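Single-letter residue listing:
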Amino acid sequence: MQERILGRTGVPVGVVGLGAWQLGADWGRVDEDEALATLIAAHEAGVTFIDTADVYGDGRSERIVGRFVRSLPQGRTVTVATKMGRRGPQEPGEYRLDNFKAWNDRSRENLGVDTLDLVQLHCPPTEVYRTDEVFDALDSMVEEKRMKSYGVSVETVEEALLAIARPNVATVQIIFNMLRLKPLEEALPAAEKAGVGIIARVPLASGLLSGRYDEATTFGADDHRTYNRHGEAFDQGETFSGVDYGTGLEAVRRLAALRPDDATMAQFALRWIIDHPAVSVVIPGARNGEQARGNAAAAELPSLTPEAHAAVREVYDGLLRESVHGRW
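Quick caveat: nothing in here was measured; it's all calculated off a predicted structure. Counting starts from 1 at the beginning of each chain's written sequence and moves along it residue by residue. With pLDDT at 70 or above as the cut-off, local features in this predicted model cover only qualifying residues; side-chain atom pairs require 80 or more to be listed or tallied, and sums for whole chains, interfaces and linings still use all residues. Each side-chain value is derived from all of the structure's non-hydrogen atoms; neither hydrogens nor water enter the calculation.

K.L.:
Tell me about helix α6 (residues 187-194), and name the residues and values.
P.N.:
Exposure classes here rest on a 1.4 Å probe applied to the protein chains alone. A residue is buried below 20% of its type maximum, exposed above 50%, and partly exposed in between. Under the scheme used here, helices are H or I runs from DSSP no shorter than 4 residues and strands are E runs no shorter than 2 residues, and both carry numbers assigned from the N terminus. Inspection of α6 places Ala187, Leu188 and Ala191 among the buried residues, and these make up the whole buried set. Along the long axis of α6, the arc covered by the buried residues comes to 95°, so they all point the same way. Those residues of α6 that are buried are in contact with α5 (157-164), β8 (169-175), β9 (197-201) and β10 (279-282). In this context, the arc is that of the directions from the helix axis out to the C-beta atoms. Should any heavy atoms of two residues lie within 4.5 Å, those residues are considered in contact.

Encoded structure:
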């Protein structure tokens, strides 16, 4: 698989990674053996970057990923990024060194390592990005070898720009897909100029861009696509990229007309993201090995034509810009 440098970490990773939220919680139950099989299939297909968080299944995702990494043959490695900051109240004062160390200790135990590859602040309040003491604390944890590098996961372009301006932020994780184009205007150019890696999350808009859903589709009660459509549990933008479900379906129908014959709808959506060189890695989730292999195969597709990119922009401008562009 094509590799790109993961921002200021300096580490090369396959351009398609794996998001491990699904392996922990909030997408319906995934059996642990099936989760491990998904990780194995992804790695065999060239995936060398896995993204998880300490709150996915209250640590279940980290523990499964850690078990998988320990099972790899000698010489086979992956970069594992985790996140911290959502275990306590979402108040700026909670983002301090003693909490960071406690959360960090728990993630190191879950993953079974002394030093974490990459730790990201997990969509903290905006004021956190303006607080020097937060980044001083993160710097000290790198010096202590608790983690090799740190980054942030953001909700908005404003937050991305604040983070990119911090000299030791290695990566910024942001929602970026064919239904969420705002990062193209400022966030991606700023990151590329600064040498900060972009981790593109929610690349399939919670599955909408797979083309498998319609008005009759239902999701389980324990699936965030049921209980968080209007931001009831966490930021609304995390579910279907904040797009109204019916409007999203119409956008996907229009986008499907642009799909190359040699690609599935999901692969088309992933290839569109990969075509942007500022993106270090895109992290689609997968519930089984077939999905993981299909996602990884998007990296082998040829780049989309300029006309296809222009047509994607036309769908966004005509149907989505007014409802999502000013919010995130």
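K.L.:
Break down the nonpolar core for me, citing the residues and quoting the values.
P.N.:
Residues grouped as a nonpolar core are buried Ala, Val, Leu, Ile, Met, Phe, Trp, Tyr and Cys residues, joined through side-chain atoms within 4.5 Å. Formed by 91 residues in total, the largest nonpolar core has its most connected members in Phe100, Val172 and Leu209. At eight residues, helix α9 (residues 265-274) tops the list of elements feeding residues into this core. Grouped together as the second largest cluster of nonpolar side chains are eight residues, Phe49, Ala81, Ile199 and Ile283 included.

K.L.:
Break down the packing of aromatic side chains for me, with residues and values.
P.N.:
Stacked, tilted and edge-to-face pairs are distinguished by plane angle, under 30 degrees for stacked and over 60 for edge-to-face with tilted covering the rest, among Phe, Tyr and Trp rings (Trp via its six-membered ring) whose centres lie within 6.5 Å. Tallied over the entire structure, the rule returns 11 aromatic pairs. Considering the side-chain rings of Phe100 and Trp103, the 6.1 Å spacing of their centres and the 50° angle between planes classify their relative orientation as tilted. Residue Phe100 and its partner Trp103 are both found in helix α3 (residues 97-111); the two are separated by three residues, about one turn of the helix. Trp103 carries the same exposure label as Phe100, and that label is buried. Among the aromatic residues, those joined into a cluster by ring pairs are Trp21, Tyr56, Tyr227 and Phe234.

K.L.:
Go over the sheet that holds strand β6 (residues 116-122) with me, naming the residues and quoting the values.
P.N.:
Strands were regarded as paired on the criterion that DSSP finds at least two bridges between them. What the eight strands build is an open sheet, ordered β3-β4-β5-β6-β7-β8-β9-β10; its pairing is parallel. Looking at the sheet topology across the chains shown, the edges are occupied by β3 (18-19) and β10. In the sheet, β9 pairs with β10 via three bridges, with the strands oriented parallel. Among the inter-strand pairings, Ala200 is bridged to a residue of β10, identified as Val282. Lines fitted to C-alpha atoms define the axes, with helix axes restricted to the stretch in contact, and inter-axis angles between N-to-C directions lie between 0 and 180 degrees. Those strands touched by helix α4 (residues 132-143) are β5 (79-84), β6, β7 (147-153) and β8, and its axis lies near 150° from that of β7.

K.L.:
How would you sum up the side chain of His276? Please name residues and give values.
P.N.:
Along the chain, the position of His276 falls in the loop between α9 and β10. Residue His276 is classed as buried on the basis of its relative accessible area of 13%. A polar side-chain atom of His276 sits 2.9 Å from the main-chain carbonyl oxygen of Trp272. Excluding anything up to four places from it in sequence, His276 contacts Arg4, Phe176, Leu184, Leu188 and His309. Within 3.5 Å is the distance limit for a polar contact, defined as a pair of N or O atoms, with the added protein rule that one can donate a hydrogen and the other accept it, and that residues adjacent in sequence qualify only through two side-chain atoms.

K.L.:
Go over unusual backbone geometry, please, and point to the residues and values.
P.N.:
Here the phi dihedral of Ala205 falls at roughly 50°; this positive angle occurs in a residue that is not glycine. With respect to the secondary-structure elements, Ala205 resides in the loop between β9 and α7 (224-227). By relative accessible area, which is 0% here, Ala205 ends up buried. Positive phi, close to 60°, is recorded for Ser206, a residue that is not glycine. Within the secondary structure, Ser206 sits in the loop between β9 and α7.

K.L.:
Any details on the packing of helix α8 (residues 245-256) against helix α11 (residues 306-319)? Residues and values, ideally.
P.N.:
In contact at an axis separation of 10 Å, α8 and α11 are set at 155° when each is read in the N-to-C sense. Judged by the inter-axis angle, α8 sits roughly antiparallel to α11. Two packed elements cross with a definite hand, and for α8 against α11 that hand is right-handed. The segment α8 lies against α11, with Thr247, Glu250, Ala251, Arg254 and Leu255 engaging Val312, Val315 and Leu319. When describing relative orientation, an angle under 35 degrees is termed roughly parallel and one over 145 degrees roughly antiparallel, while 65 to 115 degrees is termed roughly perpendicular and anything else oblique. Left-handed is the label given to a crossing in which the near helix is rotated counterclockwise from the far helix by less than a right angle, and right-handed is the label when the rotation is clockwise.

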